[in-house]
Every structure is written in structure tokens, then in C-alpha cells.
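As a plain string of letters, each chain reads:
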Amino acid sequence: MELSRERTEDWWEVEALYDLCFAPGREALSSYRLRDGIPPVAELCLVARDEAGIVAGAIRYWPVRVGHWPALLLGPVAVHPTHQGEGLGAFLIESTLDRAHGWDRVMLVGDAPYYSRFGFEKLEGVVMPPPTNPDRVLGRELTEGAWEGVAGDVTQWSD
Ligand SMILES: CC(C)(COP(=O)(O)OP(=O)(O)OC[C@H]1O[C@@H](n2cnc3c(N)ncnc32)[C@H](O)[C@@H]1OP(=O)(O)O)[C@@H](O)C(=O)NCCC(=O)NCCS
């Protein structure tokens, strides 16, 4: 498996992987409204290709605001069904969190039973645009205490 930063020309291959791995209509999810028109965090968007050069997994991140605090929004992350359960998802998540220098906190909307192994916990008082199940709004600190006292609406990134 070869891991590299996503390049412009990888975009549609990664989109195809996400279309395969997620339910139809994924772009209607509220998390996509936070991404519209905002460039992803390029250094944290990674693509894993197998020995044949086929995209096997990919992860992207966007910057967001929680109240006035900056945060990373992890996702989408997906692994091709033929490679699921091989640890690639964990590898993509851990490698990118290790590289997330300059960021204090990361959040996502996802399944706690999967993400808890990476230290993600339910965020209280952090409100995603509706409709989002609050139990799926999870966060992890990247610097000590970074989520303490942080709450509010999650909104698009602004400088
Ligand atoms: C979720 C996903 C990225 C995990 O990638 P992966 O490479 O298969 O994951 P890993 O090999 O690191 O981990 C596999 C383990 O996670 C578990 N797991 C996978 N998805 C899970 C989920 N939604 N909830 C709970 N556990 C989950 C597997 O059962 C397996 O458990 P085990 O270690 O006890 O055998 C991948 O399954 C995927 O692309 N799924 C479809 C898209 C998706 O749901 N993305 C996440 C959006 S929130």
C-alpha cells in the first residue's frame, strides 16, 4: 500500500471511492454544507493505493469553527470494500492525526464504536447543522485540554 498526499488529479478517483462506500445522497449530509466552497486541509488529505495503483482508501479534512474556535473536521474517510478490515482505515486516521501540527482539536460525525479506539468521544454542546444525531458528533483533543470549554454551533471556516 502506498500512501501519498491527494493531488488535484486524484479528486475524482477519491470521489468514486466515496460514492462506492457511502449511501447514495452522501452530499446531502449536513457535514457537506460545512465543506461547500472551502478548500480541504491539503496536507492532511491522503490517498492509499494498492500494488496495482488502484485507490484503496482515502481521507480528507476540512477546517471548521466551533463557536469561534478553530477545529479540524475529519472526513470523509473510506476504505474500498475489498480492503476493509485490514487496518487501512486505522492507518489513515492515525497517520493524519500524527501530522495535524498546528491544530488543537479534531471532530467528526461518525460511529462512536469505531472512532472510540482512536480516542474520540461524544462532544457535549457542539452543534452540527441539522439534521445530525448529536450522539454521532465526536471529538478528540490534539493538545491537552483543547475541548475544555469549547462549545457552540459548528460553522464554515472563516479567517
Ligand atoms: C469505516 C472504515 C473507514 C473502516 O476502515 P477499515 O480499513 O475497514 O478499518 P480497520 O481495518 O482499521 O478496522 C476494522 C475494524 O473496525 C470495525 N468497524 C468498521 N466500521 C465500523 C463501524 N461503523 N462501527 C463499529 N466498528 C466498525 C470492524 O468491524 C473491524 O473490527 P475488528 O478490528 O474488531 O475486526 C471502512 O469500513 C469504510 O470505508 N466504511 C464505509 C464508509 C464509512 O462508513 N466511513 C466512515 C464514515 S463515519
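Along every chain, residues carry numbers that run from 1 in the direction the sequence is written. Local features in a predicted model are, by the rule used here, given only for residues with pLDDT of at least 70; side-chain atom pairs are given and counted only at 80 or more, and totals for whole chains, interfaces and linings are based on all residues.

Naming follows an unreviewed UniProt entry, where the protein chain appears as Putative N-acetyltransferase YhbS of Silicimonas algicola.

Novice: Tell me what's going on with helix H3 (residues 88-99), and back it up with residues and numbers.
Specialist: Here H3 is twelve residues long and its end C-alpha atoms lie 17 Å apart, about the 16 Å a rise of 1.5 Å per residue gives. Among all positions in H3, only Leu 88, Leu 92, Ile 93 and Thr 96 are buried. Down the axis, H3 shows its buried residues gathered within 135° of arc, on one side only. By the convention adopted here, residues are in contact when the distance between their C-beta atoms, placed from the backbone, does not exceed 7 Å. Numbering goes from the N terminus for both helices and strands, where a helix is a DSSP run of H or I of at least four residues and a strand is a run of E of at least two. Among the structural elements, strand E2 (46-49), strand E3 (55-66) and strand E4 (69-79) are those in contact with the buried residues of H3. How far a helix is expected to stretch is found by multiplying one less than its residue total by 1.5 Å. Whether a residue is buried, exposed or partly exposed follows from its count of other C-beta atoms within 10 Å of its own C-beta, namely 20 or more, 12 or fewer, or something in between, respectively; the C-beta atoms are built from the backbone. An arc is given here, and it is the one of the directions from the helix axis to the C-beta atoms.

Novice: Any chance you could break down the site of the ligand for me, citing the residues and the numbers?
Specialist: We call a residue near a molecule or strand when its C-beta atom, built from the backbone, sits within 6 Å of it. Taken together, 16 residues surround the ligand, and among them Ala 78, Gln 84, Gly 89, Ala 90 and Gly 110 come closest. Only E4, H3 and helix H4 (112-115) provide two or more residues apiece to the shell around the ligand. The residue inventory of the shell around the ligand, partitioned by class, reads nine nonpolar, five polar and two charged. Under the convention adopted here, Pro, Cys and the residues Ala, Val, Leu, Ile, Met, Phe, Trp and Tyr are nonpolar, Asp, Glu, Lys and Arg are charged, and Gly plus all remaining residues are polar.

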